[in-house]
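A look at the structure
Here is what each chain is made of, one letter per residue.
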Amino acid sequence: MSAPPHEAAEPAEPAVPDGRVVLDTGDIARALTRIAHEILERNKGAGDLVLLGIPSRGVPLARRIAARIQDVEGVAVPVGALDITMYRDDLRRHPARSPQPTEVPPGGVDGKTVVLVDDVLYSGRTVRAALDAMNDLGRPDVVRLAVLVDRGHRELPIRADHVGKNLPSARTERVMVRLDETDDAEGVWIR
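Residues numbered from 1 in each chain as written. Predicted model: local features only at pLDDT ≥ 70, side-chain atom pairs only at ≥ 80, totals over all residues. Heavy atoms only, no water.

A few points about the overall build of the protein chain
On a plain count of helices and strands, the protein chain comes out with four helices and eight strands. Starting at the N terminus and walking to the C terminus, you meet the elements of the protein chain as β-α-β-α-β-β-α-β-β-β-α-β. At 16 Å, the protein chain has a C-alpha radius of gyration in line with the 16 Å of a compact globule built from 191 residues. Considering only C-alpha atoms, the protein chain reaches an extent of 40 × 35 × 30 Å along its principal axes. Long-range pairs, those at least 24 residues apart, make up 72% of the contacts in the protein chain with a sequence separation of at least 6. Approximately 9,200 Å² of the protein chain is accessible, and the part contributed by carbon and sulfur atoms is 49%. Of note, the protein chain has its 26 positive side-chain charges centred 5 Å away from the centre of its 30 negative side-chain charges. (Helix = DSSP H or I, 4+ residues; strand = E, 2+ residues; numbered from the N terminus. Rg over C-alpha atoms; globule rule 2.2 N^0.38 Å. Contact = heavy atoms within 4.5 Å. Areas by Shrake-Rupley, 256 points an atom, 1.4 Å probe, with all protein chains shown as cover. Lys, Arg positive; Asp, Glu negative; His and termini not counted. Charge placed at Lys NZ, Arg CZ, Asp CG, Glu CD.)

Below you can see the structure in the form of structure tokens.
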């Protein structure tokens, strides 16, 4: 049974979806602050740290986390974008969205601690594709995963290191993330 994609927003969808609000603007801000502190604690500071957001909503989330890290440590953490479109294993079943640019921060990823950032962790296939895409960029020392929402239903043995909210859900439910930078609305809904 194929799972509905969570990453790509349909153009016809309203900015504020129907459904139950799971995270509002304040909740998202607190979750990202907590994730930033967890990353710093686990990494023992901001040294050799790179954040790579998975388009589309992982990129602004990565930028927000980097801003919080800079507020705490006084260090600008490099942020980039890692497009995984052509690395997905479901291209035959789901139409691919337009590829987004991959932006590697100056200094690259070799020998760094890379934190992949995404909005929702579901089957794990997006993360698997991101790991494959990263192989083309270089060889980090460590790769970790930070997500705003972990909704369960993994199809691959992948787990997030940093989670804003664990959200048990049914496979038939849909989790929708909206961010001001991409959607002119802010929040997480489930329906």
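Okay, back to it.
Some thoughts on helix α2 (residues 58-73)
Since there are 3.6 residues in each turn of an α-helix, residues three or four apart along the chain are aligned in direction. Between its first and last C-alpha, α2 extends 22 Å over 16 residues, near the 22 Å set by a 1.5 Å rise per residue. For α2, the set of buried residues is Gly-58, Val-59, Pro-60, Leu-61, Ala-62, Arg-64, Ile-65, Ala-66 and Ile-69. On its buried face, α2 sits against α1 (25-43), β2 (49-53), β3 (79-81), β4 (113-121), β5 (142-150) and α4 (180-183). Once α2 ends, the next one or two residues include Gly-74, with phi positive near 75°. (Expected span 1.5 Å × (residues − 1). Buried < 20%, exposed > 50% of the residue type's maximum accessible area, 1.4 Å probe, protein only.)

Some words on the pattern of salt bridges
Overall, the coordinates contain 13 salt bridges when judged by the stated rule. Across the pair Glu-38 and Arg-34 runs a salt bridge, and its minimum N-O distance is 3.9 Å. Residue Glu-38 and its partner Arg-34 are located together in helix α1, separated by four residues, close to a single helical turn. What makes Glu-38 partly exposed here is its relative accessible area of 29%. For Arg-34, a relative accessible area of 37% gives the class partly exposed. (Salt bridge = Lys/Arg side-chain N within 4 Å of Asp/Glu carboxyl O.)

Notes on the sheet that holds strand β1 (residues 20-23)
Hydrogen bonds between backbone groups are what pair the strands of a sheet, and the pairing can be parallel or antiparallel. Reading across from one edge, β1-β8-β7 is the order of the three strands in this open sheet, with antiparallel pairing throughout. Looking at strand neighbours, the two that pair on one side only are β1 and β7 (175-178), the edges of this open sheet. Ignoring strand direction, the axes of neighbouring strands in this sheet form an average angle of 30°. Looking at chain direction, β7 and strand β8 (residues 187-190) are connected through four bridges and run antiparallel. (Pairing = 2+ DSSP bridges. Axes fitted to C-alpha atoms, helices over the stretch in contact; angles between N-to-C directions.)

Considering the side chain of Thr-113
Within the fold, Thr-113 resides in strand β4. Classification of Thr-113 by relative accessible area gives buried; the value is 9%. There is a polar contact of 3.3 Å between the side chain of Thr-113 and the side chain of Asn-43. Every residue in contact with Thr-113, bar those within four places of it in the chain, is listed here: Asn-43, Asp-48, Leu-49, Val-50, Val-142 and Arg-144. (Polar contact = N/O pair within 3.5 Å; in protein donor to acceptor, adjacent residues only side chain to side chain.)

Here's the deal with the packing of aromatic side chains
What characterises a pair of aromatic rings is the spacing of the ring centres plus the angle enclosed by the ring planes. This structure, assessed with the given rule, holds zero aromatic pairs. A cation over an aromatic ring shows up here: Arg-151 above the ring of Tyr-122, its NZ or CZ 4.1 Å from the ring centre. (Phe/Tyr/Trp six-rings, centres within 6.5 Å; stacked < 30°, edge-to-face > 60°. Lys NZ or Arg CZ within 6 Å of the ring centre and 35° of its normal.)

Some remarks on the side chain of His-162
Along the polypeptide, His-162 turns up in strand β6 (residues 162-166). A relative accessible area of 3% places His-162 in the buried class. Discounting chain neighbours no more than four positions away, the residues touching His-162 are Ile-35, Glu-38, Ile-39, Arg-42, Arg-144, Leu-145, Ala-146 and Val-147.

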